[in-house]
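# An overview of the molecular structure
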Amino acid sequence: MELKDTLIETLGMEIVSLEKGRVVATMPVDERTRQPFGLLHGGASVALAETVASIGAFELCDKETESVAGLEINANHIRAKKDGIVTAVATVLHQGRTTMVWDIKITDENDKLICTSRCTMAVIKRK
């Protein structure tokens, strides 16, 4: 999977751990990911959440015949963050033939919850 020249690279995300059904990634809170009031942008948190869900879902599908795409995502922004690093941990809740549901928790360096998200991924047959 090529991560260069993507939103992942642009926002400074780094994949820390990738295993079946679980993905961990970090993202800096800096000029790339803040909104105009100096806080972590909710859209950046959602981008991080969908990224880990997408990578995790792709890891669980048959890479020769299937691909994945985000179908739905929601997020609750719990706590503001001005700087530092956030960490997303995604775990699969449901793995079906045509959809997967992922739970994503984004925390700060002190393990305080910043954002919680759920992402539904579509499993697409390649033609």
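This structure is a prediction, so every number in the text was calculated from the model and none was measured.

## Considering the overall build of the protein
When helices and strands are tallied, the protein shows two helices and six strands. Seen in sequence order, the protein has helices and strands lined up from the N terminus as α-β-β-α-β-β-β-β. Computed over its C-alpha atoms, the radius of gyration of the protein comes to 14 Å, within 12% of the 14 Å expected for a compact globule of 127 residues. Dimensions along the principal axes, computed over C-alpha positions, put the protein at roughly 45 × 30 × 25 Å. Looking at the protein alone, contacts between residues at least 24 apart form 60% of all its contacts between residues at least 6 apart. Summed over all atoms, the accessible surface of the protein reaches about 7,000 Å², with 51% contributed by carbon and sulfur. Mean positive and mean negative side-chain charge positions of the protein (16 and 18 charges, respectively) differ by 5 Å.

## Concerning the UniProt feature "domain: Thioesterase" (unreviewed entry) in the protein
UniProt's feature table lists "domain: Thioesterase" (unreviewed entry) at residues 37–115, given in the numbering used throughout. As a span, residues 37–115 carries 24% helix and 46% strand, and end to end its C-alpha atoms are 18 Å apart.

Basis of the calculations
Residues numbered from 1 in each chain as written. Predicted model: local features only at pLDDT ≥ 70, side-chain atom pairs only at ≥ 80, totals over all residues. Heavy atoms only, no water. Helix = DSSP H or I, 4+ residues; strand = E, 2+ residues; numbered from the N terminus. Rg over C-alpha atoms; globule rule 2.2 N^0.38 Å. Contact = heavy atoms within 4.5 Å. Areas by Shrake-Rupley, 256 points an atom, 1.4 Å probe, with all protein chains shown as cover. Lys, Arg positive; Asp, Glu negative; His and termini not counted. Charge placed at Lys NZ, Arg CZ, Asp CG, Glu CD. UniProt positions renumbered as here; feature names shortened; annotations may be inferred.

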